[in-house]
Structure formats: C-alpha cells, structure tokens
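Here are the chains, one letter per residue:
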Amino acid sequence: MPDDAEPLKRPGGDRLHTFVVDVHEQVDTLIRVLGPFAVQEARITGIRLDPGPAGLSIAIEARGVSAERAALIARRLDSLAAVRRVGLGWRDAPYPLPKETG
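Here goes a summary of the coordinates provided. Here the residue numbers are simple positions, counted from 1 along each chain's written sequence. Per-residue local features of the predicted model are confined to residues with pLDDT of at least 70, and side-chain atom pairs are confined, for both listing and counting, to 80 or more; whole-chain, interface and lining totals are unaffected and use all residues. Only heavy atoms go into the side-chain values, all of them from the structure, while hydrogens and water stay out.

**A few points about the overall build of the protein**
Note the cut-off: Helix and strand labels come from DSSP, where a helix needs a run of H or I of at least four residues and a strand needs a run of E of at least two; each type is numbered from the N terminus. The classification of residues rests on relative accessible area computed with a 1.4 Å probe and restricted to protein chains. Under 20% of the type maximum is buried, over 50% is exposed, and intermediate values are partly exposed. For accessible areas, the Shrake-Rupley method is used with a probe of radius 1.4 Å. Any residue's cover is judged against the shown protein chains and nothing else.
Counting its secondary structure elements, the protein contains two helices and four strands. Helices and strands in the protein line up, N terminus first, as β-α-β-β-α-β. Considering the protein as a whole, with its 102 residues, one finds that 35% of them fall into the buried category. For the protein, the accessible area works out to roughly 6700 Å², and carbon and sulfur atoms hold 56% of it.

Here is the structure:
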C-alpha cells in the first residue's frame, strides 16, 4: 500500500452503537446475547451487567458495524426468548458506560 493511501473503512465503523438489553436471568443468557454481535463482526468495546428484580439489564457498546447492521443486531436480540426489551443508540465519541444510580 502506498504511504499516502488510507486503509479501507467500513461504513459506520467509527460510530459507537450502544445496545441496552433487558433479559430474564438464565444460565446462558449472556452467551446468547453476545451471539448476534459475533455473527455481524461487531467489535464489542464495553459490557455492563446490572441485576434487577426482573432479571438483568445488559449494556453493550460495539463499533465496526453500519447503522443497518446495528439495527439487524437489535432485531436478532429482540427475537431471543430470554430478551424482554432492546434499546439501541449511537454516538461518535467514546465515553465510559454510566454507572448504576439509585
């Protein structure tokens, strides 16, 4: 590659997508939730688990996927039996996942 050539970038590859997944707590829930990210070749940059009275809330940050692929991941997450609810957002600059309050 010539010195002045830039590496190819995937569309949306620099954007951070944040998925918030509320699930019923089961033995293999986390592994099942991570599966769609691997299939879409998303690079997970952060995970936070917050237990609650109705199960777990899992916040996952990922980059390296377009908005369309992120939406596909959200749909696949929503189709999992243990999942109660899925939220999806994005941002261009990283910051730490928020700590649980209250």
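Having seen it, we continue.
**Details of helix α1 (residues 29-39)**
Worth spelling out the cut-off: Working definition: the arc comes from the directions between the helix axis and the C-beta atoms, pointing outward to the latter.
Those residues of α1 that sit buried are Thr29, Val33, Pro36 and Phe37. Here the buried residues of α1 occupy an arc of 105° about the axis, which is enough to place them on one side. Of the exposed residues in α1, those oriented more than 90 degrees away from the buried face are Ile31, Ala38 and Val39. Remark: glutamate 41 follows α1 within two positions and exhibits a positive phi of approximately 55°.

**Side note on the packing of aromatic side chains**
Our working rule: Aromatic pairs are defined between Phe, Tyr and Trp rings, using the six-membered ring for Trp, whenever the two ring centres lie within 6.5 Å; interplanar angles under 30 degrees are classed as stacked, those over 60 as edge-to-face, and all others as tilted. The rule is short: NZ of Lys or CZ of Arg within 6 Å of the ring centre and within 35 degrees of the ring normal puts a charge over the ring.
For the structure on display, the rule yields one aromatic pair. Measuring from ring centre to ring centre gives 4.9 Å for phenylalanine 19 and phenylalanine 37, while their planes differ by 85°; the resulting arrangement is edge-to-face. Of the two residues, phenylalanine 19 sits in strand β1 (residues 16-23) while phenylalanine 37 sits in helix α1, which places them 18 residues apart along the sequence. No difference in accessibility class separates phenylalanine 19 from phenylalanine 37, as the two residues are buried. Geometry around tryptophan 90 places arginine 15 over its ring, the cationic atom sitting 3.5 Å from the centre.

**Describing the nonpolar core**
For clarity, the cut-off: Only buried residues count toward a nonpolar core, which is a set of Ala, Val, Leu, Ile, Met, Phe, Trp, Tyr and Cys residues joined through side-chain atoms within 4.5 Å. Contact between two residues is taken to exist if any of their heavy atoms lie within 4.5 Å; hydrogens are not considered.
Within the largest apolar cluster, 16 residues are counted, with the highest numbers of intra-cluster contacts made by Phe19, Val21, Val23, Val33, Phe37 and Leu77. At the level of secondary structure, the elements contributing two or more residues to this core comprise β1, α1, β3 (55-63) and α2 (67-78). If sequence neighbours within four positions are ignored, valine 21 has contacts with Val33, Leu56, Ser57, Ile58, Leu77, Val83, Arg85 and Val86.

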